Amino acid sequence: MGEALDRALFALQVSNPAEVPDLSPAIRFARMPGTRSLNRLIEHLDQLPLGDKDLEFRDGLGQAYDRYLADSASSGGATRGEFFTPRAVCRLMVELAAPQKGQTVADPCAGTGGMLLEAAQYVAERSGRDQSLALYGQEINRSVWLTGQLDLLLHGIRDASVTNSDALANPPLANGAPAQFDRVLMAPPFSIKYSQQEVAYPERMRYGWTPESRADLMFVQLALAALRPQGVGAVVTPHGVLFRGGSEAEIRRAIVLDGRLDAVIGIGPNVFYNTGIPACILVLRGPGGPPAGQENSVLFINAEREVTRGQARNRLDAQHVAKIVDAYRDRQDVPGFSRVVPVSELDEHGFNLNIRQYVDATPSPAPLLDISAALVGGVPRTEVEAHAHEFAAFGLDVEDLFAPGRPGYLEFLPEGYAATAARIPALTEPCEQAVIRETARWWQSQTKFVAELADKRRPRTHHPYEQLKGSLSDVLLVTGTLDRQQMVGVLASWWSEHHDDLRRLEADGFEGVLDRWHTRATRPLSPSSPRGLLWGGERGQVGADGSEQELVLRTLGLSFQRLVEHALVAERQKLVDTYLSWAERYATSLTDLENRYRNASARLQERLRCLGHV
């Protein structure tokens, strides 16, 4: 069996020399133990039709291979995880760099090819089915390079130029000099050793040399040197790059003063497969200088809390990526999340770029306990008024949840704080219903645009996601209940959930989407959903007007509505928690305790008297 597989692999490579790399040095089935396992694997795969015409998408095998690589990195420890960058991180970096059709994109530490794949997909989504993007890369580890080559091939990308070479010692050349690119994306291994003598074309390291025990800033300079004048780069680095002293501090200073650092973005801990430490992304500019209005400043984004926590590791979800990208593109100050910092302030701190020094994402501490309220009773009016805007967003006057008290204080209602807290969902229901109605109206206004995705003759002028996001800002945000970041997060989650449905819509129309739901046995809506159409899984089911189009559009719209409802529930629960936190602090005062003590003592004395005790 092993020898037969080796012959087949050799024949595959010989027949496709331009597309399939020579895998024989890395893969020799004849030398592998466990032929019985190979037999079982082949027998299993032999039952599956794997021709292009049998797959839902042409990159179906590539998607399956990506899942395999992710599982392998997750279970393989630091060694395997070092070369596999989580796809959500790749997507984030690509969206920050925003490559355009016809540009060149390079990854000098390509690993398994995730950055290049995400860049190709990003451009393809925004320019129709044309992936005209020149992809280049390097990977020093041969077995990882072969894995990346196979990943690109299975995704249908056959013209990428990725070499098995060392980016520091052997950069790609153009006209006898190191090549430059429109976009450079890179997630190099953290703090590895390097040799200064082995770095070719040392003029690339114009800002200085780091200790040979840490190559982090050498890779950053490699990216800077590889950018064309108006290019954009994004490099993942450990946080130490931001504050280490010595020669690294001088390199940071020179890069900032030269206008080459656009943004510093901190992402949460335990996101990567090979390390649990938090990392950051440096967004870099080409030597052409910053856009007008962005001179002499650096954007800092503290996204350390933008993760979904898991048992083994955390992950970036679609809503987290959307929030970070939105803040980067808007380049505005958002308290506790993002801030544009002038270079003069960085100079005052010795060009220490520690993110928390400029944007602290730590939740605000609870106010100090009001001594008067703790002794006598009541809730300080100032604490309640500080949260009044949160309740007002749901149509509530927070003081209606209290009774008047002594000057400067409110009292809990006679029904008790627990009963009042339990009534909050009913009180917010009218506002939530208004948001849901507005959501339905918004979706109805977008159904024509979504339906046009099925028309292959219609040229695409805008990326569907960007089109929906633009209209979302104009219509839904008038309610004020969910802010822009929350609504963009909802849309990003919906897009991620239905991305393949929309791809199928563009490829095969509404009938193709229904086929997909039927064959995959998916249910876009739960049968217990209190609102809207239920998807029963019957292939022949159609919408109210008898059309498959109406069913698909209605189901997609109700799926978006469901996510809006979840966001509303989460925000409403914050109101309940806030109210209960006041009860925890002030429901029982020292005076209340003394009264309880006196009443209990009186009852005890009366009981003793009745029993004949003095």
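Residues numbered from 1 in each chain as written. Predicted model: local features only at pLDDT ≥ 70, side-chain atom pairs only at ≥ 80, totals over all residues. Heavy atoms only, no water.

Draft legend 1. Highlighting the overall build of the protein. A count of helices and strands for the protein gives 20 helices and 14 strands. Taken along its principal axes, the extent of the C-alpha atoms in the protein is 105 × 70 × 60 Å. Element-wise, carbon and sulfur atoms account for 52% of the exposed surface of the protein, whose accessible area totals about 30,200 Å². Averaging the coordinates of the 65 positive side-chain charges in the protein and doing the same for the 77 negative ones gives two points 2 Å apart. (Helix = DSSP H or I, 4+ residues; strand = E, 2+ residues; numbered from the N terminus. Areas by Shrake-Rupley, 256 points an atom, 1.4 Å probe, with all protein chains shown as cover. Lys, Arg positive; Asp, Glu negative; His and termini not counted. Charge placed at Lys NZ, Arg CZ, Asp CG, Glu CD.)

Draft legend 2. The side chain of Arg204, seen in detail. Turning to its location among the elements, Arg204 is positioned in the loop between strand 6 (181-186) and helix 8 (216-225). Buried and unpaired, Arg204 has no salt bridge, with Glu203 as the nearest side chain of opposite charge at 6.5 Å. When residues no more than four places from it in sequence are discounted, the contact partners of Arg204 are Ala167, Leu168, Pro171, Pro178, Val199, Gln221, Leu222 and Ala225. (Buried < 20%, exposed > 50% of the residue type's maximum accessible area, 1.4 Å probe, protein only. Salt bridge = Lys/Arg side-chain N within 4 Å of Asp/Glu carboxyl O. Contact = heavy atoms within 4.5 Å.)

Draft legend 3. Looking closely at the packing of helix 3 (residues 60-75) against helix 7 (residues 142-154). It is the contact of helix 3 with helix 7, at a shortest axis distance of 7 Å, that shows an interaxial angle of 145°. Facing Leu61, Gly62, Tyr65, Asp66 and Leu69 of helix 3, the residues of helix 7 in contact are Thr147, Leu150, Asp151 and Leu154. (Axes fitted to C-alpha atoms, helices over the stretch in contact; angles between N-to-C directions.)

Draft legend 4. Fine view of the side chain of Thr481. Looking at the element boundaries, Thr481 is found in the loop between helix 17 (464-475) and helix 18 (484-519). Given the relative accessible area of 6%, Thr481 is considered buried. At 3.1 Å, the side chain of Thr481 forms a polar contact with the backbone oxygen of Ala393. Ignoring anything within four residues of it in the chain, the contact list for Thr481 reads Ala393, Phe394, Cys431, Val435, Gln486 and Leu568. (Polar contact = N/O pair within 3.5 Å; in protein donor to acceptor, adjacent residues only side chain to side chain.)

Draft legend 5. Structural view of the sheet that holds strand 6. Read from one edge to the other, the open sheet built from 9 strands follows the order 3-2-1-6-7-9-8-10-11, with strand pairing classed as mixed. Single-partner strands in this sheet number two, and they are strand 3 (161-163) and strand 11 (338-342). Pairs of neighbouring strands in the sheet enclose a mean axial angle of 15°, with direction left out of account. Relative to strand 11, strand 10 (residues 297-303) runs antiparallel, the two sharing 5 bridges. Residue pairing in the sheet places Val298 in a bridge with Val341 of strand 11. (Pairing = 2+ DSSP bridges.)

Draft legend 6. Summary view of helix 7. Along its 13 residues, helix 7 runs 18 Å from first to last C-alpha, staying within 8% of the 18 Å computed at 1.5 Å per residue. For helix 7, the set of buried residues is Val144, Trp145, Leu146, Gly148, Gln149, Asp151, Leu152 and Leu153. Each element contacted by the buried residues of helix 7 is listed here: helix 3, helix 5 (87-97), helix 6 (114-126) and strand 3. Just downstream of helix 7, Gly156 is the residue with a positive phi angle, here 85°. (Expected span 1.5 Å × (residues − 1).)

Draft legend 7. Region of the structure containing the packing of aromatic side chains. For the structure on display, the rule yields 17 aromatic pairs. Seen from their ring centres, Phe402 and Trp582 are 5.7 Å apart, and the 55° between their planes marks the pair as tilted. Here Phe402, found in strand 13 (residues 402-404), pairs with Trp582, found in helix 19 (residues 548-586); they are 180 residues apart in sequence, far enough to count as distant. One exposure class covers both Phe402 and Trp582, and it is buried. (Phe/Tyr/Trp six-rings, centres within 6.5 Å; stacked < 30°, edge-to-face > 60°.)

Draft legend 8. The confidence of the model for the protein, seen in detail. Here the protein averages 86 in pLDDT, and 91% of its residues register 70 or above. In the model, residues 525-544 has pLDDT below 50 throughout and makes 43 contacts with residues more than four positions away in sequence or in other chains. (pLDDT = per-residue confidence, 0-100.)

Draft legend 9. A look at the pattern of salt bridges. With the rule as written, the count across this model stands at 35 salt bridges. Close ionic contact of Asp151 with Arg87 constitutes a salt bridge, the shortest N to O distance being 3.1 Å. Of this pair, Asp151 sits in helix 7 while Arg87 sits in helix 5, and the two are 64 residues apart along the sequence. The same class applies to Asp151 as to Arg87, namely buried. Of the charged contacts, one joins Arg228 and Asp182 as a salt bridge, the two residues approaching to 3.1 Å between their closest N and O atoms. Separated by 46 residues along the polypeptide, Arg228 in strand 7 (residues 227-238) and Asp182 in strand 6 bring together distant segments of the chain. Given the relative accessible area of 16%, Asp182 is considered buried. When salt bridges with common partners are traced through the structure, they connect Glu56, Asp59, Asp500, Asp501, Arg503, Arg504, Asp508 and Arg516 into a single cluster.

Draft legend 10. Expanded view of the nonpolar core. Of all hydrophobic cores here, the largest spans 56 residues; its most connected members are Phe402, Trp494, Phe560, Val564 and Trp582. Those elements that provide at least two residues to this core are helix 11 (318-330), strand 14 (409-412), helix 16 (417-452), helix 17, helix 18 and helix 19. Of all the elements, helix 19 adds the most residues to this core, at 15 residues. Contact partners of Val564, with chain neighbours within four places excluded, come to Val435, Ile436, Thr439, Leu482, Met487 and Val490. (Core = buried A, V, L, I, M, F, W, Y, C linked by side-chain atoms within 4.5 Å.)

Draft legend 11. Summary view of the packing of helix 16 against helix 19. One way to put it is that helix 16 packs onto helix 19 with a least axis distance of 8 Å and a crossing angle of 155°. In terms of orientation, helix 16 lies roughly antiparallel with respect to helix 19. Like other packed secondary-structure pairs, helix 16 and helix 19 cross with a definite hand, here right-handed. (Parallel < 35°, antiparallel > 145°, perpendicular 65-115°, else oblique. Left-handed = near helix turned anticlockwise from the far one by under 90°.)

Draft legend 12. A look at the sheet that holds strand 12 (residues 379-380). In spatial order, the strands read 12-14-13; together these 3 strands make up an open sheet with antiparallel pairing. Only two strands of the sheet have a single partner each, and these edge strands are strand 12 and strand 13. As paired elements, strand 13 and strand 14 share 3 bridges and run antiparallel to each other. Along strand 14, the bridge assignment pairs Ala403 with Glu411. Of the strands in this sheet, strand 12, strand 13 and strand 14 are in contact with helix 19, which crosses strand 14 at around 100°.

Draft legend 13. Looking closely at the pairing of strand 7. Burial of strand 7 is extensive: 9 of the 12 residues sit out of reach of the surface. Relative to strand 7, strand 6 is paired through 5 bridges, and the arrangement is parallel. Counted as the bridge partner of Leu185 is Ala234 from strand 7. After leaving strand 6, the chain enters helix 8 and then returns to the sheet as strand 7, a path that is right-handed. (Right-handed = clockwise from strand over helix to strand, strands pointing away.)

Draft legend 14. Spatial organisation of the pairing of strand 9 (residues 279-285). With 7 of its 7 residues buried, strand 9 lies for the most part within the structure. What you see with strand 9 is no split at all: Ala279, Ile281, Val283 and Arg285 on one side and Cys280, Leu282 and Leu284 on the other are buried throughout. Bridging between strand 7 and strand 9 involves 7 bridges; their strand directions are antiparallel. Residue Gly233 lies in a different strand from strand 9, and its bridge partner there is Leu284.

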